[in-house]
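Architecture at a glance
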Amino acid sequence: MNSIEVKNLTKKFGDFVSVDNISFNVKQAEIFGFLGANGAGKSTTIRMLCGILEPTFGDAVVGGCSVAKNPDSVKQNIGYMSQRFSLYNDLAVGENLDFFGGVYGLSNQKLNERKKWVLKIANLEGKENLLTGSLPGGIKQRLALGAAVIHQPDIVFLDEPTSGVDPISRRNFWELINELSSEGTTVFVTTHYLEEAEFCNNIILIDAGRLIAEGNPKQLKTDYLKNSIYEIESDRVIEALELLEKQNFVVETSIFGNNIHISVEEKFNDLSRINKLCEEGGITIKRINKIVPTLEDVFIHLLGNEKIL
Ligand SMILES: Nc1ncnc2c1ncn2[C@@H]1O[C@H](COP(=O)(O)OP(=O)(O)O)[C@@H](O)[C@H]1O
Ligand SMILES: [Mg+2]
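Angle between the axes and distance between the axes are the two parameters that describe a pair of packed helices. Axis separation between helix H3 (residues 93–103) and helix H4 (residues 108–121) bottoms out at 10 Å; the angle between their running directions is 130 degrees. By the angle class used here, H3 and H4 are oblique. In this structure, H3 crosses over H4, and the sense of that crossing is right-handed. For the pair H3 and H4, the contacting residues are Val-93, Gly-94, Leu-97, Asp-98 and Gly-101 in the first and Leu-111, Lys-115, Val-118 and Leu-119 in the second. Of the residues that constitute the contact of H3 with H4, the class distribution is five nonpolar, two polar and two charged.

Shown next as structure tokens:
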């Protein structure tokens, strides 16, 4: 069953097309990743799907309601965590939750029950009186997610929820996303951390408002990238990269820490040639092997290096 059905959704600001005729479906209870570089149109799309911003053209049915015709009904069925976390920094933790509970019209009894749950998932039990602005990023982020789903919506939209928090908090946050999804909530999440795309059931990638790839992580790796990828480890990655970039069998290059990934022409299958080239250039290679592409390889292939954050 689909939770979200998007058809020809378009947003123009004056002559500028921010979201360009995109269509896709999101299944119930899946973790759906919405990826793209800064300025690609992610937040604009989310705001249309939440009924906050009117589409210029096209429509989306979100939880059974049309965002073009019935935006106010959409708002009742969803939770939304905006890019800036949506909490009031100058309110205490408990006051923020009271506020969100009030917005969604929860009864006192329900609000108390749900507050307990949010405080638990945010590791804030007994700390209701702390000022929200004083919380560490990772905790605040969990509190914001809790506030966004305090009314137990069927669908939650998370706009770059893991931006600017440390890797451990990010990892824990994804566990929370998994829990929500396993309880039946549809999670629509944007991120520019490409490794997080691997945690999604399905993904779409947009660039300059246009949809350029879609599928599950496995499909993206097989459908969009036909060239083989080699991983090369060297202490002198920059020199190795410069040398390899010049070879005509090399299609794309990128750096991953101490490793280089090169994608090569389909017919190329000569590891020793790479070794020899580097040796002649005075570059020692520690290891070279053919790898299964990562999603990052796929996105670099689709977008080019400059758009990968
Ligand atoms: N209210 C607005 N008026 C004019 N341009 C806007 C407005 N909102 C967003 N844009 C433009 O639309 C494009 C997409 O923005 P956005 O959806 O915020 O991208 P993302 O969330 O992927 O970083 C950007 O070029 C941005 O400047
Ligand atoms: Mg954004």
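That was the structure; now back to the text.
Accessible area lost upon the coming together of the parts is a frequently used measure of interface size. Under the domain assignment used here, the protein contains domain 1 (2–221) and domain 2 (226–292). Domain 1 and domain 2 are separated by 39 Å when their C-alpha centres are compared.

Listed as buried for helix H9 (residues 237–245) are Val-237, Ala-240, Leu-241, Leu-243 and Leu-244. Take H9 and look down its axis: the buried residues cluster within an arc of 165 degrees, on one side only. In this structure, the buried side of H9 is in contact with strand E11 (228–234), strand E12 (250–256), strand E13 (259–264) and helix H10 (271–280).

Let us look at the site of ligand 1. Taken together, Phe-13, Phe-16, Ser-18, Ala-37, Asn-38, Gly-39, Ala-40, Gly-41, Lys-42, Ser-43 and Thr-44 form the complete shell of residues around ligand 1. Residue Ser-18 places a side-chain N or O atom 3.0 Å away from an oxygen atom belonging to ligand 1. Contact distances for ligand 1 include 3.0 Å between an oxygen atom and a backbone N or O atom of Gly-41. In isolation ligand 1 has 560 Å² of accessible area, and contact with the protein removes 62% of it. Where the shell around ligand 1 is concerned, the elements lending two or more residues are strand E2 (16–27) and helix H1 (42–49). Tallying contributions element by element places H1 first for the shell around ligand 1, with three residues. Residue composition of the shell around ligand 1, grouped by class: four nonpolar, six polar and one charged.

The next point concerns the coordination of the magnesium ion (ligand 2). Of the protein atoms, only Ser-43 (OG) and Gln-83 (OE1) coordinate the magnesium ion (ligand 2), at distances of 2.1 to 2.4 Å. Taken together, the residues span a long stretch of sequence, with Ser-43 in helix H1 and Gln-83 in the loop between strand E6 (78–81) and H3 at a distance of 40 residues. Given a relative accessible area of 22%, Ser-43 falls into the partly exposed group. Residue Gln-83 is classed as partly exposed on the basis of its relative accessible area of 35%.

With that out of the way, let us pick up the nonpolar core. Within the largest apolar cluster, 42 residues are counted, with the highest numbers of intra-cluster contacts made by Leu-124, Leu-143, Leu-158, Ile-177, Val-189 and Phe-299. Val-19, Met-48, Val-62 and Ile-78 belong to the second largest nonpolar core, which has 27 residues in total.

So, about a nonpolar patch on the surface. On the surface, Tyr-88, Phe-99 and Val-103 cluster together to form a nonpolar patch covering roughly 280 Å² of accessible area. With respect to the secondary-structure elements, Phe-99 resides in helix H3.

Rules of the game
Residues numbered from 1 in each chain as written. Chains lettered and ligands numbered in written order. Predicted model: local features only at pLDDT ≥ 70, side-chain atom pairs only at ≥ 80, totals over all residues. Heavy atoms only, no water. Axes fitted to C-alpha atoms, helices over the stretch in contact; angles between N-to-C directions. Helix = DSSP H or I, 4+ residues; strand = E, 2+ residues; numbered from the N terminus. Parallel < 35°, antiparallel > 145°, perpendicular 65-115°, else oblique. Left-handed = near helix turned anticlockwise from the far one by under 90°. Contact = heavy atoms within 4.5 Å. Nonpolar A, V, L, I, M, F, W, Y, C, P; charged D, E, K, R; others polar. Domains from an automatic or database assignment. Buried < 20%, exposed > 50% of the residue type's maximum accessible area, 1.4 Å probe, protein only. Arc of directions from axis to C-beta. Near = heavy atom within 4 Å. Polar contact = N/O pair within 3.5 Å; in protein donor to acceptor, adjacent residues only side chain to side chain. Areas by Shrake-Rupley, 256 points an atom, 1.4 Å probe, with all protein chains shown as cover. Donors = N, O, S within 2.8 Å, 3.2 Å for Na, K, Ca; no water. Core = buried A, V, L, I, M, F, W, Y, C linked by side-chain atoms within 4.5 Å. Patch = residues over 30% accessible without salt bridge, like charges linked within 9 Å, V, L, I, M, F, W, Y side chains within 5 Å. Salt bridge = Lys/Arg side-chain N within 4 Å of Asp/Glu carboxyl O.

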